[in-house]
Amino acid sequence: MTLDPEDSKIITLARAARARNGSAEGAAVRDETGRTYSATDVALSSLRLSAVQVAVAMAVSSGAQSLEAVALVTAGDGPSPADEEVARELGVKALLVAGPDGALRG
């Protein structure tokens, strides 16, 4: 499967965020203007957010009205139903899910 260069970019951003923080998940989103936001999961005793939720929150708090793409990099099973729902709410039909090596999963 050949990815659009912009989709490859957000996978790379998600991988870099995950590696930089040593986190379980990394995510990146691209909004309707082409701006990108990357994040990792938050696992505090008082707050738990997935990487997708954090990246989406960053985009929305910066003024994004919709998203063109969402990428999740994880060694785990993949996006949660909540991750899929927040992506759908902002216009993304399917998340790009990749392993830590950047290889897309079916």
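Residue positions are given per chain, counted from 1 along the sequence in the order it is written. In keeping with the model being predicted, local features are shown solely for residues with a pLDDT of at least 70 and side-chain atom pairs are shown and tallied solely at 80 or more, while totals for entire chains, interfaces and linings include all residues. Think of the side-chain values as coming from all heavy atoms in the structure, minus any hydrogens and water.

S.K.: Help me understand the sheet that holds strand 5 (residues 67–74) in this model?
M.R.: The strands that make up a sheet are held in pairs by hydrogen bonds between backbone atoms, and each pair lies either parallel or antiparallel. Here a strand pair is declared whenever DSSP counts at least two bridges between the two strands. Working definition: helices are DSSP H or I runs of at least four residues, strands are E runs of at least two. Numbering for both runs from the N terminus. Strand order in the open sheet made by the four strands is 2-1-5-6, with mixed pairing throughout. Edge positions in the sheet fall to strand 2 (36–40) and strand 6 (96–98), since each has one partner strand and no second. Strand-to-strand twist across the sheet, computed as the mean angle between neighbouring axes with direction ignored, equals 15°. Two strands pair when backbone bridges link them, and strand 1 (residues 25–31) and strand 5 are joined in this way by seven bridges, in the antiparallel orientation. Bridge assignment links G26 to a residue of strand 5, and that residue is V73. Helix-sheet contacts for helix 2 (residues 51–61) involve strand 1, strand 2 and strand 5, and the interaxial angle to strand 2 is about 145°. To get an axis, fit a line to the C-alpha atoms, keeping to the stretch in contact for a helix; angles then go from 0 to 180 degrees between the N-to-C directions. Contacts are assigned to residue pairs with any non-hydrogen atoms lying within 4.5 Å of each other.

S.K.: Just checking my understanding: could you explain the nonpolar core for this structure?
M.R.: Nonpolar side chains in soluble globular proteins tend to be buried together. Counting 20 residues, the largest nonpolar core has V29, V52, V56, A59, L67, V70 and L95 as its most contacted members. Within the residue set of this core, elements represented by two or more residues are strand 1, strand 2, helix 2, strand 5 and helix 3 (81–89). Tallying contributions element by element places helix 2 first for this core, with six residues. Ignoring anything within four residues of it in the chain, the contact list for L95 reads V52, V70, P79, D83, E84 and A87. In plain words, nonpolar cores are sets of buried Ala, Val, Leu, Ile, Met, Phe, Trp, Tyr and Cys residues tied together by side-chain atoms within 4.5 Å. Categorising residues by exposure relies on relative accessible area from a 1.4 Å probe, with only protein chains included: less than 20% of the type maximum marks a residue as buried, more than 50% marks it as exposed, and the intermediate range marks it as partly exposed.

S.K.: Teacher, can you tell me more about the pairing of strand 2 here?
M.R.: Residues in a regular strand point their side chains to alternate faces of the sheet. Where strand 1 meets strand 2, five bridges bridge the pair, whose relative direction is antiparallel. Paired with A28 across the two strands is S38, which belongs to strand 2. In this structure, the hairpin formed by strand 1 and strand 2 is closed by a connection of four residues, where G34 is found at a positive phi of approximately 95°.

S.K.: Teacher, can you tell me more about the pairing of strand 1 here?
M.R.: For strand 1, a buried count of seven out of seven residues is recorded, marking the element as mostly surrounded by other parts of the structure. Residues of strand 1 alternate between two faces, with E25, A27, V29 and D31 on one and G26, A28 and R30 on the opposite face, all of them buried.

S.K.: It is not clear to me how the side chain of D31 should be interpreted in this structure. Could you clarify?
M.R.: Structurally, D31 can be placed in strand 1. Residues adjacent in sequence count toward polar contacts only when both atoms are side-chain atoms; beyond that, a polar contact is any pair of N or O atoms within 3.5 Å, and within protein one must be able to donate a hydrogen and the other to accept it. Of note is the side chain of D31, whose polar atom sits 3.5 Å from the side chain of Y37. Ignoring sequence-local partners within four residues, the contact set of D31 consists of Y37, A64, S66, L67 and E68.

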